[in-house]
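Geometric and topological summary
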Amino acid sequence: MSRTTSYPQTMPPTRPEVSSTGPQEERSRWAALASSADHKDISRILICSAFGSLFLAALELLLMRVQLAVPSNVFLKGVTFDRLLSVYGETAIFLVALPLIIGLLYYVVPLQIGARTTSIPRVGQIGLWLFIFGGILLYASFLFTPPEAGINPLPPFSDATFAPNNGVDVWIGSTGLITLGLLLISIDLLTTLHNLRAPGMAWRRAPLFTWASAIVTWLFVVIAPIFLAAITMLLIDRLYDGGFFAGDSGGSPILWQHLTYLFFTGVYMSVSITFLAAIGEIVQTFTGRELPRKAIVWSMVAIAIVGTLAWTQNMLTAPIGSGWKYFGMLMSLALIVPFGLIFYNLISTVSQSDFHMRAPLRFALGALSLASIGLAAEIAQSTIAVATQLSQTYDAWASTHFALVGFVVFGGFAAVSYWYPKMTGHELNEDRAMKSFGLMFAGAIIAILPLFGAGVAGQVTDSYRWFSGEDFGVFNAIAAVGTLILFVGIILAVGNLIKSRSEEPVATPDPYRGDSLEWLALSPPPAHNFDVLPDVRSTRPMRDIREAVTRRDSVDAEAGSAAQPVA
Amino acid sequence: MAVRFVDRRGLNDVGNLIPDWKRMRRRGAASATAIRMARVLLPRSRKPVSLFISLAGVLLAFALNASPAMALSLNPDAASPGIEEGNTLHWILFVVILAVIVIVNLAILRAARPRTRAVSPKPGKKLSQVKLAVGLGVFALALFIVATVFSDKSREIPAINAEPVAGQVKGQPLEIRATGQQWLWRFDYPNASFSYRRLIVPAGVTVQLNLESTDVVHGWNVPELTGKAQAIPGRTSELYFRADEPGTYTNRSSMLSGQGYDTMEIEVMVLPPDEYEAAIEELRKNIQIAQDKVEAEFQASREKSEDAAAQAEEAEKTAGEAEEAANEAETSVAEANNEAESTDSE
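With that settled, consider the domain arrangement of chain B. Residues and elements named next belong to chain B. If you check the domain split of chain B, you get domain 1 (15-155) and domain 2 (174-285). On the side of domain 2, twelve residues touch domain 1, which itself brings eight residues to the contact. In terms of residue class, the side of domain 1 that touches domain 2 is made up of five nonpolar, two polar and one charged.

Next comes the structure, spelled out in structure tokens:
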């Protein structure tokens, strides 16, 4: 990019560049954290709870896989399996994927656009606490009745007639609180994006991750209310004898599928966009080369719109008009274009560059590898003739899990280890990260790939056992071993995140020589993020600042004055 | 001398942990070829360790499943027209998907190769984004067209059989109603007979299956004949199939419906048309016999209860009489007492 030459060069910041570390803390750390409306504190809680929930989700998955390892297993009772399944589904989507993407965006993006705070921080704080209470509600339900109506509790199975206990109410309450909370945080981030960008930070200069945040938060503002409306209708059906989803009183059970699959597909796409953008940032930083911004940004917009419109891809076996089904098929297959463009640009940029392999880049490539398997396998799931055979089997399960484990778990560790020095002020132990990566990667492949075999052999999902008469062979046993390996890998990787904070050396503000503005702030950033509001003149503002400082230092050196340390 | 793989920035510390391919190559031409092939797939780095483990695990999973049923069991046996089209489409897509996965992952492996003195990538020429997008669009459109053609074919109603079986209107498919309920399927035949769990259909006859549900959403799932379809309460969805050969297909429902979901089986028994007619006729007779038996038992119990009622009435009557007698006795005693009192007072 030769854009830097077409604008006046960035002025070096006045001295001292960054010096204060914020006011002295008067309260104890936990009290300060709990009462903070700072976007960094809120995001830290979101990200930490996402990793805590990742442990729980992996544990639940492991228990279910052990139950399914051999035919007619008696390890878990049917009702326990259903409860684990329902809680696993909600944990994976609402307590891992969503808080992780919202947390990462909410932490990094205000720093990337050079904002000192968010626009309406109290709204973000309310959002955090709604989220926390939603999570507590879900897991507190193990004291009475956890949800047991499946990952997506379809009415009438989730109506009061067929699910008379409080399980579905817990599901509605917790997903509602979490969605509402994350929606409020999204709104805060969105207003920040539109109001508080640093001078010169035009949209055409905004980093990829900032673009992803704009797309994802707008998408979430559209889809989250749809989901909230759907669960409110279900609540009215359950508690006040409403008829939204009751077939015999003018309502329709299909309506629930339309509303919720629209939301879940939108979440799938939000997760994909966020982590593809994070991987894009990682690739740009470590290879030192810029990705073609226009192509990537338009691809992300296309994924958000086209991908969400592909919701009927989940309903190819439902009694809906053929038009819906062909529309869903067309939209899902159209996703090949934006995903293909982004994958091509990411991989070719890495391939043609010289770099030193670090943990974030390795996790990023692992994420691309796993997600490519899942997304490619979704092609078969999205065609009508094949989906009537393979939907609701472990083939569909494996496709979705490859894509989501790739993006959420591997993309999540890539993004968190990339911004780890910024968030904690410490470096990440690379050696342990690489080892945990190896375990997790092998575990993910062994845990998910064999299930394609079980799926095409006809094994249906959500059932707590299968019988030796059904010829599913050892796919399930191998998958259980793989899940165990994945589980151990996740524990090691999370343990590394915890241990590195106390054991590793203090990180500099700009350990990778990144191009975007979050690297201008201290590590970890003070409450007000920046002392000096940066002046953005190109798509690579931090490089401009480094160059300006170098120029100034060389001028200073020629003038004979002592070079000042640079933040 | 062993070549140490030094990162171009001089930061690579993994050189002594990875195999020295050059020294290994000297050992022989045969192994050299294998090594060269391996090098194409697995560039020099530590990464292959996890890759080897995972590939070994997966290969093990597929190798241990080498039973005849498993071998190349990508698709169910096609026992009805329309299934074969779906199977063909799946084979086409399987090859496409496998190619995409292999190409993308080899490109990722190549991109991740460690940078050495020998390997110093230069910024190559990038494809134009527009051309790439157009190419991918053409690819997607081609897939859509192929998928549409095969899906349309697989959804066609099979040709109606010329000779109608009992209960079938000539020129119309044979209508059978399948009703899902927790956790059984009920099948209603045209001759007013019905069966649970096991569906009996004639071979070579086009069947229209009307899917309904009495309670929750159930997943109809017979891959060999119809594939999957949701049975939704308050709605009827039609499925058409024509079983080619007599046989039995056992499957299970595919949507979570509660505690008995894991045992909610569907067995489709395909019989030759005459045997089918005999079977549902026998079913009807058996149901009639059972119905008669129930009726007879009901009548018997009602008669019994009527007798009992009559006896009870009689007993009541007797009891009433006894009561009356007792009352009378009481009155007479009272009268006697009164009389006695009056005599005493006198």
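Chain A puts 76 residues into the contact, and the matching count from chain B is 84 residues. Looking at the side of chain A that touches chain B, the elements with two or more residues in it are α4 (78-112), α8 (253-287), α10 (322-334), α11 (336-351), α12 (359-381), α13 (384-390), α16 (430-456) and α17 (475-503) of chain A. Taken together, the residues of the side of chain A that touches chain B sort by class into 48 nonpolar, 23 polar and five charged.

Glancing now at the nonpolar core. In terms of nonpolar packing, the biggest core is built from 251 residues, with A97, I279, A367 and A414 of chain A touching the most fellow members. Looking at which element gives the most residues to this core, the answer is α4 of chain A, with 21 residues. Here this core gathers at least three residues from each of two domains, domain 1 (15-155) and domain 2 (174-285) of chain B. What A97 of chain A contacts, discounting residues up to four positions off in sequence, is A92, V267, V271, L404 and V408 of chain A.

Attention now goes to the pairing of strand β2 (residues 184-188) of chain B. All names here are of chain B. Side chains W185 and F187 project from β2 onto a buried face, and the interleaved L184, R186 and D188 project onto a face without burial. With five bridges connecting them, strand β1 (residues 174-181) and β2 associate as antiparallel partners. Of the residues in β2, the one forming a bridge with R177 is D188. Once β1 ends, the chain turns through two residues before running back antiparallel as β2. If you look at the hairpin formed by β2 and strand β3 (residues 194-196), you'll find five residues sitting between the two strands, and A192 has a positive phi there, around 70 degrees.

Residue and element names in this part refer to chain B. Taken in spatial order, the three strands of this open sheet run β4-β10-β9, and their pairing is mixed. A single partner strand is all that each edge strand has here, and the edge strands are β4 (198-202) and β9 (247-252). Strand after strand, the sheet turns through a mean of 20 degrees between neighbouring axes, direction not considered.

Calculation criteria
Residues numbered from 1 in each chain as written. Chains lettered and ligands numbered in written order. Predicted model: local features only at pLDDT ≥ 70, side-chain atom pairs only at ≥ 80, totals over all residues. Domains from an automatic or database assignment. Contact = placed C-beta atoms within 7 Å. Nonpolar A, V, L, I, M, F, W, Y, C, P; charged D, E, K, R; others polar. Helix = DSSP H or I, 4+ residues; strand = E, 2+ residues; numbered from the N terminus. Core = buried A, V, L, I, M, F, W, Y, C linked by C-beta atoms within 7 Å. Buried ≥ 20, exposed ≤ 12 C-beta atoms within 10 Å, placed from the backbone. Pairing = 2+ DSSP bridges. Axes fitted to C-alpha atoms, helices over the stretch in contact; angles between N-to-C directions.

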